[in-house]
Each structure stands twice: as C-alpha cells, then as structure tokens.
Amino acid sequence: MFDHVFRSFPEPLLMLDRQGIILDANNNMLGITGISRTSLQGSNFSSLCKNHGDLLRAFGKAAHEVAMVRIRDVQLHLGGQSQLFEQVTFLGLQGDENGVVAVFRPAGSDMEAGFWGKKNLEMGAYGMAAVLSHEVKNPLSGIRGAAQLLARSAAPEDMELCHLITAETDRITRLLDRLNILAEDEGPMRQALNIHEVIDKVLQIYDMSDWPKLQVSRAFDPSLPPVLGHDDSLVQVFLNLVKNAGEAMGDAGNLRIETTYRTGTRIQRGNNSLPNLPIEVRIIDGGPGVPLELSNHLFTPFVGAREGGTGLGLAIVAKLVNQHEGLLYYRRVGDESVFAVRLPRAI
C-alpha cells in the first residue's frame, strides 16, 4: 500500500533519510525535475534544492524532532526552469528508517471553500493520511503487545501504567482507523433513504452525548423525495457537522437545520457537470465562524481551529459526501455559519 500511495501522489514527493539523502521520488517529482529515478536516488537533497536555506532548516527540524513542518512560497530552479511552490511539507516518520517524506504543492492549487468532487480532492493530503496510518499502526501493535506482557508480571503499583499504555495505543489505533476512511476510493452501497429520519437519528445521538446542549430548530420540507445514500455514512456526516456547531457555540447555542428541494438545479464546475443534486441540508449555527486563514483548506486533513482537535472531522465529512457524488460547502452569512450538503435523489 505504501508504494502504491507514494507513486500515485499527484503532487511532487520525495522520500529522504534523516541525513538528507534522497531514497525515492514519485512520478510527478521526476517530471518536474527532468531527472531519472535512478539518478535522484542517492543524491543529496541540498544539491537538488540548491542549498535553499529555508527548505534545509525545515527538513532538519522535521528529521530531528520527528515532526510535520510546513513552509510557504518556495521558489526553486528545477528541470531547467523556475518553479514556484505554494507550500512544502516535511513529515518526519517515527521509527521509520526512511526518515522524512517531503510533499511539494505547486502554486495555484488552493481548494475552494467547498468540496466539489474527485477532481478537486487534495489527494496529496489524503495520501499523506494513508501513509501516516500505515507507518504508525505497525509499531503500535508491538507496543500494545509489550504492555500486555509486562502487565502479567508487573507489581500492583505498575499495573495502572500498563493499562494506560494499552488504552493510549487503542485510542491512537481508533484515530488511524478514521484516517483509513480518507484513503478509501470506493463508497458504500447506497439506497433510498428519508433524510429527515437520518437527521432525527443524528439529533438523538447528540442529545445522549455529553457535548454542549443546544437549542435546535427544524425547518424541514415534508415533500422531499428519498435521497440516494448510505445510512451510517450520512449519520456520520451530519453528526460531525452538528458536533462542530455545538463546540463552536457552547451550551445553549441556537442550531437550525433546514432541508430544501432545489428544482432543476444542476451544479457546474468548469467543464465538469456533477449529477443532479436537488436535495439540500443546511446546518446553521451562530458561532464565530471559520478563521479566514483556514477557509481555503477547510476540508483538508489535519487542518482545524479547535484546540485539542485532530483536524480530521471535516476531512472525513468531505470524503463521505464525495462518495455520495454530493457537494459540501461552507459560507458565512451575516453572524451565522452555514454548512450545506447537496445530495442526489433516489427516484
């Protein structure tokens, strides 16, 4: 899986060891450099980037601290011409002999503040999520097994620590399972669903949770036809959106959920026409809204404004909506935040 994801990245990508030696490059990197894979392998990253100070410092930090480091607006001379990169990301891989993955995002590849389908996916970030899940899960199983073995002979005062290690590895595994959703290409089997029953189920789950308590109002169109969808996936979509709204507003916040049928509306993006998406669900809250600097990357993995969050919630929502051939967008209207989901009808 790792090799498949690595080679199929639509953005230029390098694999480096911690000393800065290039171990591999994907096809897009070979294309922009004009250098063969065998010539790049074994060469020094500093030579390729012409000793670019910011790049080398970012690489060094990612390698030394096993961290993700991003720098913006990088200009390099590659393949006989000047190349401008909006962002270069270095990801240090814990416990991996390969050391550091470097992803180069060419200028002009910003997402809109909406999620429009497969042709507009930020596949580099989704591929990175798959790589991260793959690389981290293997050592986790060993750590968990070691903790269980230690627990068999541990003194009573050390048992709590063994249980903590096991619980934390289980928590991280669940997080990685969520990352795997981002790497899936095929969506689940869909069938005719009553979208209002889906929303009612979401609100029932939310009410039974310990999340902030909300004042919820419904404005449902009773004449809506069934949507073509997968029940569990759509529950996940709208539960994430409602949960985000609750976290943004806190207790006693006002949440409004509206459903509408948009007759004869077909979405066009560039030369690509999406399927007819007449059924719209809007989640509207009075929270502070999305910070401006995040709005263009709202549905990208690991991007989020909430302290302690994983930055995966909206990325998973976007992926699930995409699997429904739907549309997801965000806009700020006055003092309200609106997340809208457009879905196809079943009949």
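Everything here concerns the structure above.
Attention here is on the structure that accompanies the text.

Each value, and the rule that gives it
Residues numbered from 1 in each chain as written. Predicted model: local features only at pLDDT ≥ 70, side-chain atom pairs only at ≥ 80, totals over all residues. Heavy atoms only, no water. Phe/Tyr/Trp six-rings, centres within 6.5 Å; stacked < 30°, edge-to-face > 60°. Helix = DSSP H or I, 4+ residues; strand = E, 2+ residues; numbered from the N terminus. Buried < 20%, exposed > 50% of the residue type's maximum accessible area, 1.4 Å probe, protein only. Expected span 1.5 Å × (residues − 1). Arc of directions from axis to C-beta. Contact = heavy atoms within 4.5 Å. Polar contact = N/O pair within 3.5 Å; in protein donor to acceptor, adjacent residues only side chain to side chain. Pairing = 2+ DSSP bridges. Core = buried A, V, L, I, M, F, W, Y, C linked by side-chain atoms within 4.5 Å.

1. Focus: the packing of aromatic side chains
In the structure shown here, the tally under the stated rule is six aromatic pairs. Here the aromatic rings of phenylalanine 45 and phenylalanine 59 are separated by 6.1 Å at their centres, their planes lie at 55 degrees, and the arrangement is tilted. Residue phenylalanine 45 is located in helix H4 (residues 45-48), and its partner phenylalanine 59 is located in helix H5 (residues 53-65); the two are separated by 14 residues in the primary sequence. Judged by relative accessible area, phenylalanine 45 falls into the buried class, the value being 2%. Judged by relative accessible area, which is 8%, phenylalanine 59 ranks as buried. Between phenylalanine 59 and phenylalanine 90 the ring centres are 6.2 Å apart and the planes differ by 65 degrees, which places this aromatic pair in the edge-to-face class. Taken as a pair, phenylalanine 59 in helix H5 and phenylalanine 90 in strand E4 (residues 81-92) lie far apart in primary sequence, 31 residues in all.

2. Considering H5
For H5, built from 13 residues, the straight-helix expectation of 18 Å at 1.5 Å per residue is met to within 8% by its first-to-last C-alpha distance of 18 Å. The set of residues buried in H5 consists of Leu55, Ala58, Phe59, Ala62 and Ala63. All buried residues of H5 project into a common sector of 130 degrees when viewed along the axis, lining one side. Seen from the buried face of H5, the exposed residues on the opposite side, beyond 90 degrees, are Arg57 and His64. Tucked inside the fold, the buried residues of H5 contact strand E1 (13-16), H4, strand E3 (68-78), E4 and strand E5 (100-106). Of the residues one or two after H5, valine 66 is the one with positive phi, at around 50 degrees.

3. Quick look at the side chain of threonine 259
You can see threonine 259 is positioned in strand E10 (residues 253-261). Reaching out from threonine 259, the side chain makes a polar contact with the side chain of histidine 196 at a distance of 2.9 Å. Excluding residues within four positions of it along the chain, threonine 259 makes contact with His196, Ile199, Ala219, Phe220, Asp221, Leu224, Glu280 and Val281.

4. Description of unusual backbone geometry
Positive phi, normally seen in glycine, also occurs at valine 66, with a value near 50 degrees. Residue placement: valine 66 occurs in the loop between H5 and E3. With phi around 55 degrees, glutamate 325 is a residue other than glycine that occupies positive phi space. Mapped onto the elements of the fold, glutamate 325 is located in the loop between helix H10 (313-323) and strand E14 (327-333). What makes glutamate 325 partly exposed here is its relative accessible area of 41%.

5. Some thoughts on the pairing of E10
Bridging between strand E8 (residues 214-219) and E10 involves six bridges; their strand directions are parallel. Directly across from alanine 219, in E10, lies its bridge partner glutamate 258. Pairing between E10 and strand E13 (residues 279-285): seven bridges, direction antiparallel. The residue of E13 that forms the bridge with threonine 260 is glutamate 280.

6. Looking at the nonpolar core
Formed by 37 residues in total, the largest nonpolar core has its most connected members in Ile195, Phe238, Leu241 and Val242. Ranked by residue count, the leading element in this core is helix H9 (residues 231-249), at eight residues. With residues up to four places along the chain from it excluded, the contact list for phenylalanine 238 reads Ile195, Val198, Val202, Val281, Ile283 and Val341. If you look at the next biggest cluster of nonpolar residues, it comprises 27 residues, including Cys49, Leu55, Ala58 and Val88.

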